[in-house]
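Analysis of the macromolecular model
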Amino acid sequence: MARLLLNLDRSVPARFRGFRPRVVMVIALFVLAGLGLAGRALQLQVFQHERLSKLAERQSRRLIRIDGKRGDILDRNGNRLAASIKTDSFYAHPARIEQPALTAFRLSRALNLPQGALEKKLGSKRGFVWIKRQVTPLESSTVRALKLPGVNALREYRRIYPGRGLAAPLLGFTGIDAEGLEGLEYAYNSHLKGAEGVRVVHRDALGRSVLRGDRAFPGGGGSIRTTLHPAIQNLTEAELSRAVTETGAAMGVAVVLHAPSGQILAMANVPGFNPNVYRDYDKSTYFNQAVTNGFEPGSTMKVLTAAAALEEGVVKADTLFYCENGQWRHYDSIIHDTKPHGWLGLNGVIRVSSNICAAKIGLLLPPGVFRGYLSRYGFGTRIGLFVAPDGRRLAGEAEGYLLPGKKWTPVDHAAMSFGHGVLVSPLQMAAAINIIATGGLLLKPVLVMEMLDSNGRVIQKNTRTVVRRVLSEQTTAIVRDLMKAVVGPDGTGRRGAVPGYQVAGKTGTTEVYDIKARGYSKTRHIASFVGFVPADNPVLTILVMVVEPQKGRYGGVVAAPVFSRIAARALPLLGVWPAKGPRRVPIAPKNAPKPGVASR
Amino acid sequence: MIKPFNFLYRKLIEPHHQGYDLILVGATALLVLSGVMMIYSASTPISDRFHGSSLIFLRNHMAHLMVGLAAMWAAMRVPYGRWQQWLPLALLAMFLLLILVLIPGIGHQVNGARRWLRLGMFNVQPAEALKLILIVYVASYLNRKPGRVAQFLRGVLPNFAVMGLFLTLVVMQPDFGTMVLIALTLLLMIFVGGGRPEHILYSLLGFCTLGALLVLSQTYRMRRILAFLDPWGDRLDSGFQIIQSYLAFGSGGWGGVGLGDSRQKMFFLPDAHTDFIFSILGEELGFAGVMTALLLFSTFLWRGYRISLGAREDFGRYLAYGITTLFALQIVLNLAVVMGLMPTKGLPLPFLSFGGSSLVMSLFMVGILLNIGRRVPPAVRPRTRETSAPSTAPAGG
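In this numbering scheme, every chain counts its residues from 1 along its sequence in written order. All chains are assigned letters beginning at A, and all ligands numbers beginning at 1, according to the order in which they are written. Where totals are concerned, whole chains, interfaces and linings use all residues; where local detail is concerned, this predicted model gives features only for residues with pLDDT of at least 70, and gives and counts side-chain atom pairs only at 80 or more. Excluded from the side-chain calculations are hydrogens and water; all other atoms, namely the structure's heavy atoms, are used.

A few points about the overall build of chain B
Counted only if it meets this: Helix numbers and strand numbers start at the N terminus; a helix is a DSSP run of H or I with at least 4 residues, a strand a run of E with at least 2. Note that the radius of gyration is over C-alpha atoms, with the globule rule given as 2.2 Å times the number of residues to the power 0.38. Think of it in three bands: residues with accessible area under 20% of the maximum for their type are buried, residues over 50% are exposed, and the middle band is partly exposed, with areas taken using a 1.4 Å probe on protein chains only. Any two residues whose heavy atoms approach within 4.5 Å are treated as being in contact. Every accessible area reported is derived by Shrake-Rupley at a probe size of 1.4 Å, with residue values counting cover from the shown protein chains alone. This count recognises Lys and Arg as positive and Asp and Glu as negative, with His and chain-terminal groups excluded. By convention, the point assigned to a charge is CZ for Arg, NZ for Lys, CD for Glu and CG for Asp.
When helices and strands are tallied, chain B shows 14 helices and three strands. Expected size for 397 residues packed as a compact globule is a radius of gyration near 21 Å; at 22 Å, chain B falls within 12% of this value. Each of the 397 residues in chain B was classed as buried or not, and the buried ones make up 55%. Within chain B, residue pairs in contact and separated by at least 24 positions form 69% of the contacts whose partners lie at least 6 positions apart. Summed over all atoms, the accessible surface of chain B reaches about 17000 Å², with 68% contributed by carbon and sulfur. Counting 32 positive and 17 negative side-chain charges, chain B places the centres of these two groups 11 Å from one another.

So this is what it looks like as structure tokens:
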């Protein structure tokens, strides 16, 4: 075999006899070397494959996060309140910029950036620097036209809010990386957020990208369709803002519920902000006070106390109460009324808003029973406004505060009867008053009507939900009459009357509890008004709250007119016309949507 | 030949192969094709970056391949005995060329080494031709003065003197790798030509001492040695190249990342298309590709040694042996370097590495091998098998 392979038989032997064996020795040496090399290749390529390829991968691979399109937030008609659009984000590879100064100069002109800082960035030794993210189309085309070497664009989605400040604290906003930071954007972040994609970019040793990853954008996020009525939201914000400005108040909150369905038509916070440029605003304006904060409701609670007493049968519509002429010592506390009153019927107690008589009514109920009513009104528990399709509660809602039964003292009991010593969010209060409007049913307020997937298919529908029956229809009929009287000519809430409609409402004036002084402030107030209209066939339940007005302090003076104006403008939009024909009412659209029925 | 295909072989191939070793031709062709393929793949990034087109290196290589094939054809036709006659002239010309290369302005410098002469569109590297000329010289010496190399002073030393003269010029370029390669080749030639083993051993020791002095004289050579001993210790500087080579091999795994999909060639691995092209082959074609390449090289070398052993007289024998050993050493040294078994030297891999002079000379030497191994085909042989016994012209195959 060897003789044949090496052709040994056919040759004439060399003159040096040792030639053949020595050549065979050399061949053997090379065979050994070849085996060694093969072994080394096996070692490097097979046994160390894992380790070495990981190292190679690490030095060449860079991951660029690319998120799918974030879903929209829609109003009830399907118009976008928040949307994502494709924009360019410019970045640079400083190593590949030959003239940093010139490049910085031209970029600073095109993108309106400080030249010095830009020059420093471009002159750095980093492999990658952002120049400006999510630029406008005009800026983008300008920079692209410059054709600067080393400057590239990456497509990114940018969140825009076409309504600017419209419902801003409710919608919230997203950060630059499309993560929801506040409001609905935060609460529904996991639903709205597009699939998180990672594009694998392979980089050569000079830092240039050699794209090999999947170019397809990852799937988009789902959308949510809210119950907001854009026109009512707009006018509510306008009226509230006007009141806050006129009275020099610190802030204002308003909630407009569609009474029969519990849908939230508007939710306004003043001062608001523009989520497109949220950084320009103070952080305190970001929060949706109507949902995320609890306040002492004050006198608006009295109708609920009366309703509980009526339901339990401890008082009747014609029961008389003695109001102690404005001052009543109850255990170690003294309860005051704003004006001294003598004997008053239940009707009068609510109309003039007597604290003393409200306390007496509340004290007629055993503590456990009264607390049970407060709890069943929805106080002290989260409404569950933000709920994921899987039933998980989403973030960002206050539960308010209801004193636990064990700590309940007679003084607390009395104070709670007229709305002190209990924390209630404005939305909770509006929902509780809506019980009177619906004839005794607590409806769960609905903000998100539908959750849609990225293809627009509905994956969850939030319909009218009755949480529980709290009061009987007889009781609510009586309470409704009490509330009508409040708006009557000699009621505290007469400025809340709406021309052409019968209103049922209740004023509230609360002294702000000063945590530092450990007592109620004499100068800082919360003026509120809550009611529904039309009183006998309620369509809207509206709560208005003005915090710390400088001019005026009473709910009937500061908040009631706002209620009136909102109702007067909003009702025609829902096809509910005033009895005496339109007056002070803007022109309504011909095809105004019917209440509670969404029209796209 | 191969028995089951005897009929086909006789009918289709034998009348045309003119007595040349077809297996050697086949192995060479496959190696050259692999080279074209790998050079295109490995040079794309660097070609694109520095010349604006990904095809520049491939085109250059193809041009050299044409020249190389012409040279190979010439070497196949010219009876190899002629090279012995032209030796003195070649030695003189080479001496002049090596001096020319060293003169700034004439010699072309790449990466700090002055190794090339500009000749129109080609850069010629005289040291490549020197390898063959010295092999011819030693083969001729062993042929002319049989038995002389058994004596150190009278036989070995004259060879060393000639070699030393030329190698000094080579080291001045500097080209340490080529020097080591030539020295080892010639030593192995003297060994099979009758040199005493102890002389060979002493010479080897002497070379090592000389080599060590050369290494110590140049910091970059010293750093290469240190990097070889602990590449991870200085992975960003002197150990960089060998580590990048490891990463290339390691990424390959069993089957490789796919032809053209190397990541290491993206400027991570320096000299990816020249000395370290085998790393890219290892990355793209994996262990399977590496073994195939080793198999091709082995086949090539086997045929080379077979030709040497089957040659009819001493000059052809030593010449074929010298050429094959040169290839063998160069392949082994290059592979040992790229796989981190030896310090970096700067030797191209025959047929696979980009490099015009190397390719042309390799093909030329293959031509000589084929010429030495040529057998008179049966068609040419007079059909008088019964009357005259073929004593001078052995049977074909």
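Next comes the rest of the account.
Observations concerning the sheet that holds strand E20 (residues 519–533) of chain A
Residues and elements named next belong to chain A. Here is the rule we go by: Only strands that DSSP links by at least two bridges are regarded as paired with each other. Here the axes come from fitting lines to C-alpha atoms, over the contacting stretch only for helices, and the angles between their N-to-C directions go from 0 to 180 degrees.
The sheet built from five strands is open, its strands ordered E10-E9-E21-E20-E19 with antiparallel pairing. Looking at the sheet topology across the chains shown, the edges are occupied by strand E10 (263–270) and strand E19 (504–514). For this sheet, the mean angle separating the axes of adjacent strands, direction not counted, is 15 degrees. Sheet topology note: the E19/E20 ladder contains 10 bridges and is antiparallel.

Some points on the packing of helix H6 (residues 126–144) of chain B against helix H14 (residues 356–372) of chain B
Residue and element names in this part refer to chain B. To be explicit about the condition: Note on angle classes: values under 35 degrees are labelled roughly parallel, values over 145 roughly antiparallel, values of 65 to 115 roughly perpendicular, and the remainder oblique. Here a crossing is taken to be left-handed if its near helix is turned anticlockwise relative to the far helix by less than a right angle, and right-handed if that turn runs clockwise. Three residue categories are used. Nonpolar comprises Ala, Val, Leu, Ile, Met, Phe, Trp, Tyr, Cys and Pro, charged comprises Asp, Glu, Lys and Arg, and polar comprises the others, including Gly.
Relative orientation of the contacting elements H6 and H14 amounts to 20 degrees, with a least axis distance of 8 Å. In terms of axis orientation, H6 runs roughly parallel to H14. Handedness of the H6/H14 crossing: right-handed. For the pair formed by H6 and H14, the contact residues are Glu128, Ala129 and Leu132 on the first element and Ser357, Ser358, Met361, Phe364, Met365 and Ile368 on the second. Looking at the contact of H6 with H14 residue by residue, the classes come out as six nonpolar, two polar and one charged.

Some words on the environment of Arg40(A)
To keep things clear, this is the line we draw: In protein, a polar contact requires one atom able to donate a hydrogen and another able to accept it; more generally it is a pair of N or O atoms within 3.5 Å, and residues adjacent in sequence count only if both atoms are side-chain atoms.
Here Arg40(A) lies in helix H2 (residues 19–47). When its relative accessible area of 13% is taken as the criterion, Arg40(A) is described as buried. At a separation of 3.0 Å, a polar atom in the side chain of Arg40(A) contacts the side chain of Tyr246(B). At 2.7 Å, the side chain of Arg40(A) forms a polar contact with the backbone oxygen of Met339(B).

Overview of the interface of chain B and chain A
Rules: Buried area is understood as the total, over both parts, of accessible area removed when two parts are fitted together, assessed with a 1.4 Å probe. The salt bridge definition used is simple: a Lys or Arg side-chain nitrogen within 4 Å of an Asp or Glu carboxyl oxygen.
Counting residues at the interface gives 58 residues for chain B, matched by 46 residues for chain A. Both sides of the chain B and chain A interface together cover about 4600 Å² of buried area, and 66% of this is carbon and sulfur. It is Arg263(B), Phe268(B) and Leu309(B) in chain B that bury the most area against chain A; as a group they hold 16% of the surface buried on that side. Our count for the contact surface shared by chain B and chain A stands at two salt bridges. Residue Asp314(B) is joined to Arg15(A) by a salt bridge in which the shortest nitrogen-to-oxygen separation is 3.1 Å. Applying the counting rule to chain B against chain A returns 14 residue pairs in polar contact (both at pLDDT 80 or more). Of all the elements in the fold, those that place two or more residues in the side of chain B that touches chain A are helix H8 (176–192), helix H11 (240–252), helix H12 (277–310) and helix H13 (314–338) of chain B. Sorting elements by how many residues they give to the side of chain B that touches chain A places H12(B) first, with 12 residues.

Structural notes on helix H15 (residues 367–376) of chain A
Residues and elements named next belong to chain A. Worth spelling out the cut-off: What the arc measures is the spread of directions leading from the helix axis to the C-beta atoms.
For H15, every residue scored as buried is listed here: Phe370, Tyr373 and Leu374. All buried residues of H15 project into a common sector of 100 degrees when viewed along the axis, lining one side. Those residues of H15 that are buried are in contact with helix H12 (301–312) and helix H16 (410–417). Backbone geometry just after H15 places Gly378 at a positive phi near 105 degrees.

Quick look at the domain arrangement of chain A
Residues and elements named next belong to chain A. What counts here: Domain start and stop points were drawn from an automatic or database domain assignment.
Each assigned domain of chain A is listed with its residue range as follows: domain 1 (69–226) and domain 2 (230–275 + 287–573). Averaged C-alpha coordinates put domain 1 and domain 2 at centres separated by 44 Å. On the domain 2 side, the residues contacting the 28 residues of domain 1 number 28 residues. Here domain 1 and domain 2 share an interface that buries about 2500 Å² over both sides, 67% of which is from carbon and sulfur atoms. Our count for the contact surface shared by domain 1 and domain 2 stands at one salt bridge. One salt bridge connects Arg225 with Glu450, and the closest N-O pair in it is separated by 3.0 Å. Here domain 1 is connected to domain 2 by six residue pairs in polar contact (both at pLDDT 80 or more). Counting only elements with at least two residues in the side of domain 1 that touches domain 2, the list comes to helix H7 (168–171), helix H8 (183–187), helix H9 (189–192) and strand E8 (223–226).

Things to note about the packing of aromatic side chains
Centre-to-centre distance and the angle between the planes together describe a pair of aromatic rings. All names here are of chain B. Operational definition: Within 6.5 Å between ring centres, the rings of Phe, Tyr and Trp (the latter by its six-membered ring) count as paired, and their orientation is classed by plane angle as stacked under 30 degrees, edge-to-face over 60, tilted in between.
Within this structure, the stated rule accounts for 29 aromatic pairs over all chains. A centroid spacing of 5.2 Å and a plane angle of 75 degrees characterise the contact between Trp83 and Phe364, whose relative ring orientation is edge-to-face. Of this pair, Trp83 sits in helix H4 (residues 81–85) while Phe364 sits in helix H14, placing them 281 residues apart in sequence. One exposure class covers both Trp83 and Phe364, and it is buried.

What about the side chain of Glu239(A)?
Note that Glu239(A) resides in helix H10 (residues 230–247). Each residue touching Glu239(A), except ones within four places of it in the same chain, is listed here: Val562(A), Arg565(A), Ile566(A) and Arg569(A).

Brief notes about the nonpolar core
For clarity, the threshold we go by: Definition of nonpolar core: a set of buried residues of the types Ala, Val, Leu, Ile, Met, Phe, Trp, Tyr and Cys, connected through side-chain atoms within 4.5 Å.
Formed by 132 residues in total, the largest nonpolar core has its most connected members in Phe278(B), Phe300(B), Leu319(B), Ile323(B), Phe351(B) and Ile368(B). Apart from the residues within four sequence positions on either side, Ile368(B) is in contact with Ala75(B), Tyr80(B), Trp83(B), Leu132(B), Leu319(B) and Ile323(B). The next biggest cluster of nonpolar side chains, apart from the first, holds 90 residues, and it includes Ala168(A), Met267(A), Ala432(A) and Val448(A).

Observations regarding the sheet that holds strand E3 (residues 122–124) of chain B
All names here are of chain B. If you walk across this open sheet you meet the three strands as E1-E2-E3, and the pairing is antiparallel. For this open sheet the edge positions go to strand E1 (107–110) and E3, each flanked by a neighbour on one side alone. Here the strands of the sheet are splayed against their neighbours by 50 degrees on average, with no regard to which way each runs. Taken together, the four bridges between E1 and strand E2 (residues 113–119) define a ladder with antiparallel strand orientation.

Some points on the confidence of the model for chain A
Residue and element names in this part refer to chain A. Note the cut-off: Confidence of the predictor in every single residue is expressed as pLDDT, which spans 0 to 100.
Confidence in the prediction for chain A averages 86 pLDDT; 90% of positions are at 70 or higher. The low-confidence segment residues 585–590 (pLDDT under 50) makes six contacts with residues lying over four places distant or belonging to another chain. Counted against residues more than four places away or in other chains, residues 592–600, with its pLDDT under 50, gives 22 contacts.

A closer look at unusual backbone geometry
With an omega of 0 degrees, the peptide bond running from Val270(A) to Pro271(A) counts as cis. Relative to the helices and strands, Pro271(A) is located in the loop between E10 and helix H11 (289–292). With a phi close to 60 degrees, Ser353(A) is a non-glycine residue in the positive phi region. Position of Ser353(A) among the secondary structure elements: in the loop between helix H13 (346–352) and helix H14 (355–363). Using a relative accessible area of 11% as the deciding quantity, one classes Ser353(A) as buried. In this model, Asp271(B) sits at a positive phi of 60 degrees, which is unusual for a non-glycine residue. With respect to the helices and strands, the residue Asp271(B) is situated in the loop between H11 and H12.

Side note on the pattern of salt bridges
Residues and elements named next belong to chain A. Inspection of every chain in the model, using the stated rule, returns 27 salt bridges over all chains. One salt bridge in this structure joins Arg80 and Asp72, with 2.9 Å as the shortest N-O distance. Accessibility expressed as a relative area gives 9% for Asp72, which makes it buried. Arg242 serves as the salt-bridge partner of Glu239, at 3.7 Å between the closest nitrogen and oxygen. Pair noted here: Glu239 and Arg242 are both in helix H10, with a separation of three residues, about one helical turn. For Glu239, a relative accessible area of 4% translates into the label buried.

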